[in-house]
Amino acid sequence: MAQYRMISLYSGSSGNAFLLITPGARILIDAGKNARALTRALDEAGCPVETVNAILITHDHHDHTSALAVLLKHHPVPVHVVEASAQVIARGAPQYLTDCLRRHTPLFCEAVGDVTVRSFITPHDSEFSVGYRMEFTDEAGVVHTVGYATDLGYVTEDVRAALLGCESVVLECNHDKDMLLTGPYPYHLKERILSRYGHLSNDDCAAFAGELIEGGTEHLMLAHLSEQNNDPTLAYNEVLTAIGRDDVDLCVAAPDHVVELPTAVSNKWEELPLC
């Protein structure tokens, strides 16, 4: 049996939310879309909103924070966020939301139930942006590590150090460069996405995925795929080729429904795990 569950509630340009469930914690990472969609997805994942212990925010962009105001009005929980991002989120926000914010320095460590959460800096064109490395120890004394990094223009040494050695990783695989360059986006937006403070491409994700697997990662979820500039099968196959192994759990998060990453050998999927 898996000792923890990693669940993408939805992931993409329209909204992002991710759930980590351990024996002693239920942690929501980001809260995009709206409270109704988020609550519905949590219910589908078997985690009613009132059971969530804490929310971790990666950065201030709308697709990661838009559900917060309504959600916290009815279900106030601690929201852990870097100070620079908190300042943006708090602008014009209701008092009950700002009261929930737990403001941190860029590199912080926080205990949430049985999970130790550590932030690391990611390169993105928001006010500030972080990823998370989360650890907990199971009943047998085995330490499990989970890494989460989306919205990063490139893999920095800080990102590499934080994610290498993680048992399970959620990693951005945002766009195919050819699809982006020949697609309908205006030039300035293409430039932004391709910049070192934009989003991670399929080939850059695939190259780093190979490093992760060599470093011990066993379960990998590709996330934040662009609906305009990517294709789930294309991203999956490019990363699978880079990994060059068939003993790794690999799946692709979806923009509009729940996807769970297998975290036990008995849960391996036999078909292309896109839904």
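Reading the values: rules and limits
- Residues numbered from 1 in each chain as written.
- Predicted model: local features only at pLDDT ≥ 70, side-chain atom pairs only at ≥ 80, totals over all residues.
- Heavy atoms only, no water.
- Helix = DSSP H or I, 4+ residues; strand = E, 2+ residues; numbered from the N terminus.
- Rg over C-alpha atoms; globule rule 2.2 N^0.38 Å.
- Buried < 20%, exposed > 50% of the residue type's maximum accessible area, 1.4 Å probe, protein only.
- Contact = heavy atoms within 4.5 Å.
- Phe/Tyr/Trp six-rings, centres within 6.5 Å; stacked < 30°, edge-to-face > 60°.
- Core = buried A, V, L, I, M, F, W, Y, C linked by side-chain atoms within 4.5 Å.
- Pairing = 2+ DSSP bridges.
- Axes fitted to C-alpha atoms, helices over the stretch in contact; angles between N-to-C directions.
- Salt bridge = Lys/Arg side-chain N within 4 Å of Asp/Glu carboxyl O.
- Arc of directions from axis to C-beta.
- Polar contact = N/O pair within 3.5 Å; in protein donor to acceptor, adjacent residues only side chain to side chain.

For the rest of this paragraph, the subject is the overall build of the protein chain. Broken down by element type, the protein chain carries 10 helices and 14 strands. In terms of C-alpha radius of gyration, the protein chain reaches 17 Å, essentially the compact-globule figure of 19 Å for 275 residues. In terms of principal-axis extent, the alpha carbons of the protein chain reach across some 50 × 50 × 35 Å. The proportion of buried residues among the 275 residues of the protein chain is 55%. Of all intrachain contacts in the protein chain linking residues separated by at least 6 positions in sequence, the fraction that spans at least 24 positions is 63%.

What the rule picks out here adds up to three aromatic pairs. Note on Phe18 and Tyr148: the rings are 5.2 Å apart at their centroids and 45° apart in plane angle, and the pair reads as tilted. A residue pair is termed long-range when its members are at least 10 positions apart, and Phe18 in strand 2 (residues 17–22) and Tyr148 in strand 10 (residues 143–149) qualify at 130 residues. Note on Tyr148: relative accessible area 3%, which makes it buried. The interplanar angle of 70° and the centroid separation of 6.0 Å between the aromatic rings of Phe108 and Tyr132 together place this pair among those described as edge-to-face.

A few words now on the nonpolar core. Core analysis: the largest hydrophobic core is formed by 33 residues, its most contacted members being Leu9, Leu28, Leu38, Ile55 and Leu68. Mapped onto this core, the elements with two or more residues apiece are strand 1 (5–10), strand 2, helix 1 (35–44), helix 3 (68–74), strand 5 (79–82), helix 4 (83–90) and helix 5 (95–100). Among the elements that take part in this core, helix 1 stands out by supplying five residues, more than any other. Excluding residues that lie within four positions of it along the chain, Leu9 makes contacts with Ala17, Phe18, Leu19, Leu28, Leu38, Ala41, Leu42, Ala45, His257 and Val258.

Let's shift gears to the environment of Thr137. As for its placement among the helices and strands, Thr137 is situated in strand 9 (residues 130–137). A residue is classified by how much of its surface remains accessible, and Thr137, at 45% relative accessible area, is partly exposed. What Thr137 contacts, discounting residues up to four positions off in sequence, is Val142 and Val143.

Strand order in this open sheet of seven strands is 7-8-9-10-11-12-13, and the pairing throughout is mixed. Only two strands of the sheet have a single neighbouring strand rather than two, namely strand 7 (109–112) and strand 13 (249–252). Neighbour-to-neighbour, the strand axes of the sheet open up by a mean angle of 20°, direction not taken into account. Against the sheet, helix 9 (residues 202–214) engages strand 11 (168–172) and strand 12 (219–223), with an angle of about 165° to strand 11. Helix 10 (residues 232–243) rests against strand 12 and strand 13 of the sheet, and its axis sits at about 160° to strand 13.

Attention shifts here to the environment of Gly32. Mapping Gly32 onto the fold places it in the loop between strand 3 (25–29) and helix 1. Classification of Gly32 as buried rests on a relative accessible area of 0%. As for Gly32 and Pro255, which are separated by 223 residues in sequence, their C-alpha atoms are 11 Å apart. Once residues lying within four places of it in the same chain are set aside, the contact partners of Gly32 are Tyr10, Gly15, Asn16, His62, Asp63, His64, Thr65, Ser66 and Ala67.

To continue, consider the pattern of salt bridges. If you walk through the whole model with that rule in mind, you get nine salt bridges. Among the salt bridges present, the one from Arg5 reaches Glu260, with a minimum N-O distance of 2.9 Å. Highlighted residues: Arg5 in strand 1 and Glu260 in strand 14 (residues 259–261), separated in sequence by 255 residues. Classification of Arg5 by relative accessible area gives partly exposed; the value is 29%. A relative accessible area of 27% places Glu260 in the partly exposed class. Asp203 is the partner of Lys177 in a salt bridge, and the nearest nitrogen-oxygen pair spans 3.6 Å. Within this pair, whereas Lys177 is found in helix 7 (residues 177–182), its partner Asp203 is found in helix 9, the two being separated by 26 residues in sequence. The partly exposed category is assigned to Lys177, whose relative accessible area is 32%. Through salt bridges with shared partners, a single network forms among Arg118, Arg133 and Glu135.

So, on to helix 1. Listing the buried residues of helix 1 in full gives Ala35, Ala37, Leu38, Ala41 and Leu42. Around the axis of helix 1, the buried residues are gathered within 165° of arc, so they sit on the same side. Of the residues in helix 1, the exposed ones pointing more than 90 degrees away from the buried face are Arg36, Arg40 and Glu44. Against strand 1, strand 2, strand 3 and helix 3 lie the buried residues of helix 1. Two to three positions downstream of the cap, the backbone nitrogen of Arg36 sits 3.2 Å from a side-chain oxygen, assigning the N-cap of helix 1 to Asn34. Looking one or two places after helix 1, you find Gly46, whose phi comes out positive at around 80°.

Functional significance is not addressed by these values, which are geometric in nature.
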